[in-house]
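Letter by letter, the chains look like this.
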Amino acid sequence: MGHVDHGKTSVLDVLRSANVVSGEFGGITQHIGAYQIESKNNKLTFIDTPGHAAFTEMRARGSKLTDIVVLVVAADDGVKPQTVESIKHAKAAKVPIVVAINKCDLPDADPQKIKNQLLEHELIAEDLSGDTLMVEISAKAKKNLDRLLESIVLQAEILDLKTDFESKATGIVLESKIDVGRGPVATIIVTTGTLKKGDFFVSGLRWGKIRAIINDKGQNIDQALPSTPVEILGINGAAKAGDDFIVLDNEKEAKTLSENRAQESKKGKNPLTFATQESAFSDKSSEELNLIIKSDVHGSSEAIKNAIGQIKHDEVKPKIILADIGMITETDVTLAKASNAVLIAFNVKPSKEAKKLAENEKIKISTYNIIYEVLDYIKQKMSGLLTPDVQETIIGTAQILEIFKVSGAGKVAGSKVTEGEITSSSEVRVIRDGAIIFTGKIGSIFREKNQVKQVINGQECGITVKDYIDFQKNDTIEAFNLTSKERSI
Ligand code: GDP
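Here goes a summary of the coordinates provided. Residue positions are given per chain, counting from 1 as you read along its sequence in written order. Reporting in this predicted model follows two pLDDT cut-offs: at least 70 for local features of residues, and 80 or more for side-chain atom pairs to be given and counted; totals over whole chains, interfaces and linings ignore these cut-offs and use all residues. Only hydrogens and water are removed before side-chain values are computed, so all heavy atoms of the structure are retained for them.

**A short note on the overall build of the protein chain**
Then, in step 1: Here a strand is any run of E in DSSP of at least two residues, a helix any run of H or I of at least four, and the numbering for each starts at the N terminus. Assigned secondary structure in the protein chain consists of 11 helices and 26 strands.
Then, in step 2: Accessible area is worked out with a 1.4 Å probe on protein chains only. A residue is then buried under 20% of its type maximum, exposed over 50%, and partly exposed in between. Evaluated residue by residue, the protein chain yields a buried proportion of 47% over its 489 residues.
Then, in step 3: By definition, residues are in contact when any of their heavy atoms lie within 4.5 Å. Taking as baseline every contact in the protein chain between residues at least 6 positions apart, the subset at least 24 positions apart corresponds to 69%.
Then, in step 4: A total accessible area of about 24800 Å² is found for the protein chain, and carbon and sulfur atoms account for 48% of it. Per-residue and other accessible areas follow the Shrake-Rupley method at a 1.4 Å probe size, with only the shown protein chains counted as cover for residues.

Shown next, in the form of structure tokens:
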């Protein structure tokens, strides 16, 4: 990632041409926006994320699907708006950054200045006592590119990146097109597991059976290991860049999932983009509410930030991903989507493009002009992340007198209600000698062969419990209701 003209494409090109085994290079017939190189027995997959602002969305996805972001900064130019944007996206996706300070061959190159500028964005070079790996390179003079690759491998080692080769494959769609000769083609990157020919899969709203797997060198292969970018044939339509890709057990499962998603989508819900990555990236140990706040003036931005800093809770905390001045832009909307953040406009409006994008992506922009209303809204959103309080009320008990076998109903506990009532919608516990043997739900209640909804104290009845048949005489059936109460902070 990086600002336009800082040399991203040049770095990618020179790494590729220097590290592809001779003979293979000519075989690269298609541009699939991703390729794999081999360096000192390590395989590294590079994904090209375009540097232009219009491609912010793809970049948001780019940083989500990568393990490491290589930030290219031109040593003669410095940190520019798209450099900052790239840093924000990478940070929002919790992806570590390796910095390639490029164009160090130029006479006015000043790598030290770049390092100082990056300090402001909390990227601190090792020689400034930080832990961000920064390498001074030149794509043009082919200088220090080996060191860049070594730093990437080192960063991967520090992160202890591991994945499962054995499981069914999952991945992400990078791009997709309808090819005149070959039909729908999707470029995917396998993120876990091994993808095999013949696998059934779902991708976004589409499904299919893998007919062919083609690698970045244009070769047909039988299987693709994790982190491999490949083109696949066999999908039943065009997928969308950023869609997930999941291999399932069989055709029926794949069809059913894609049909369910299509129905959800018709209801206006976003069935699933990135769900797999999101869960892979999210830190479930404590809930965080991600916030993006755009304000009119510096003063209100600071006041809101301070006030949010005062909101404290043990289980959920607010996390400001971005607090800035100015109108809501498309970048903000994309960032909100990529980081699942709440987007707040304080005394500012979204740009026309941002408004349209937010509508398309179903991202809500909440507009306020009073600070305490912003805080109330944030607290309300945080409350939504709290697990509700569940309360239990015992409504009745019954004693088992006899066990019957009834055809069609399985084992029925012939019981007498000794307290309160038992209803067909109750939760139940089976208690034997004071110990809970089973907890579940009532299956059905019978009175003289008729199914009833309720039995009360003193009545005799037959009771079945869902998924349980091992009743014994003298067991107690205790019925209870659960009520859940939303909590607020
Ligand atoms: P991108 O927009 O980030 O992909 O940048 P490009 O790779 O297209 O490079 C932009 C310009 O910078 C081109 O004219 C390149 O030739 C030039 N460039 C890229 N890397 C270097 C370098 O290391 N040194 C010098 N002097 N020029 C470079």
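**Regarding the sheet that holds strand β17 (residues 342–346)**
Then, in step 1: Any two strands with at least two DSSP bridges between them are considered paired. The strand order β16-β15-β17-β18 describes an open sheet built from four strands, whose pairing is parallel. Each having just a single partner strand, β16 (316–325) and β18 (365–368) make up the two edges of the open sheet. Across the sheet, the mean angle from the axis of one strand to that of its neighbour is 25°, orientation sign disregarded.
Then, in step 2: In this sheet, β17 lies alongside strand β15 (residues 287–295) in parallel orientation, the contact comprising five bridges. Considered in β17, the bridge of Leu291 is made with Val342.
Then, in step 3: The axes are straight lines fitted to the C-alpha atoms, using for helices just the contacting stretch, and the angles between their N-to-C directions are given from 0 to 180°. Each of β15, β16 and β17 touches helix α9 (residues 330–338); the most contacted strand, β15, lies at about 175° to it.
Then, in step 4: The strands touched by helix α11 (residues 371–383) are β15, β16, β17 and β18; relative to β17, the strand with the most contacts, the crossing angle is about 175°.

**Some thoughts on the packing of helix α8 (residues 298–309) against α11**
Geometry of a packed helix pair, given as the angle between the helix axes and the separation of the axes.
Then, in step 1: Interaxial distance between α8 and α11 falls to 10 Å at its minimum, and their mutual angle equals 40°. One element, α8, and the other, α11, form an angle in the oblique class. The handedness of the crossing between α8 and α11 comes out as right-handed. Across the interface between the two elements, Ala303, Ile304, Ala307 and Ile308 from α8 touch Ile371, Val374, Leu375 and Ile378 from α11.
Then, in step 2: Lys, Arg, Asp and Glu make up the charged group, whereas Ala, Val, Leu, Ile, Met, Phe, Trp, Tyr, Cys and Pro make up the nonpolar group; the residues left over, Gly among them, are polar. Residues belonging to the contact of α8 with α11 are distributed by class as follows: eight nonpolar, no polar and no charged. Orientation is classified from the angle alone, with under 35 degrees giving roughly parallel, over 145 giving roughly antiparallel, 65 to 115 giving roughly perpendicular, and any other angle giving oblique. Definitions for this section: a left-handed crossing has its near helix turned counterclockwise from the far helix by less than a right angle. A right-handed crossing has that turn clockwise.

**Observations regarding the environment of Gln223**
Then, in step 1: Following the sequence through the fold, Gln223 ends up in strand β12 (residues 223–224).
Then, in step 2: When residues no more than four places from it in sequence are discounted, the contact partners of Gln223 are Thr194, Leu195, Lys196 and Ile213.

**Describing the site of the ligand**
Then, in step 1: By nearness alone, 15 residues border the ligand, and Asp5, Lys8, Thr9, Ser10 and Asp105 come closest of all.
Then, in step 2: One nitrogen or oxygen atom from the side chain of Thr9 is found 2.4 Å from an oxygen atom belonging to the ligand.
Then, in step 3: Contact with the protein chains covers 72% of the free accessible surface of the ligand, which is 580 Å².
Then, in step 4: A per-element tally of the shell around the ligand places helix α1 (residues 8–19) first, with three residues.
Then, in step 5: Of the residues assigned to the shell around the ligand, the class counts are three nonpolar, seven polar and five charged. Being near a molecule or strand, for a residue, means having at least one of its heavy atoms within 4 Å of it. Nitrogen and oxygen atoms within 3.5 Å of one another constitute a polar contact, given that in protein one can donate a hydrogen and the other can accept it, and given that sequence-neighbouring residues count only through two side-chain atoms.

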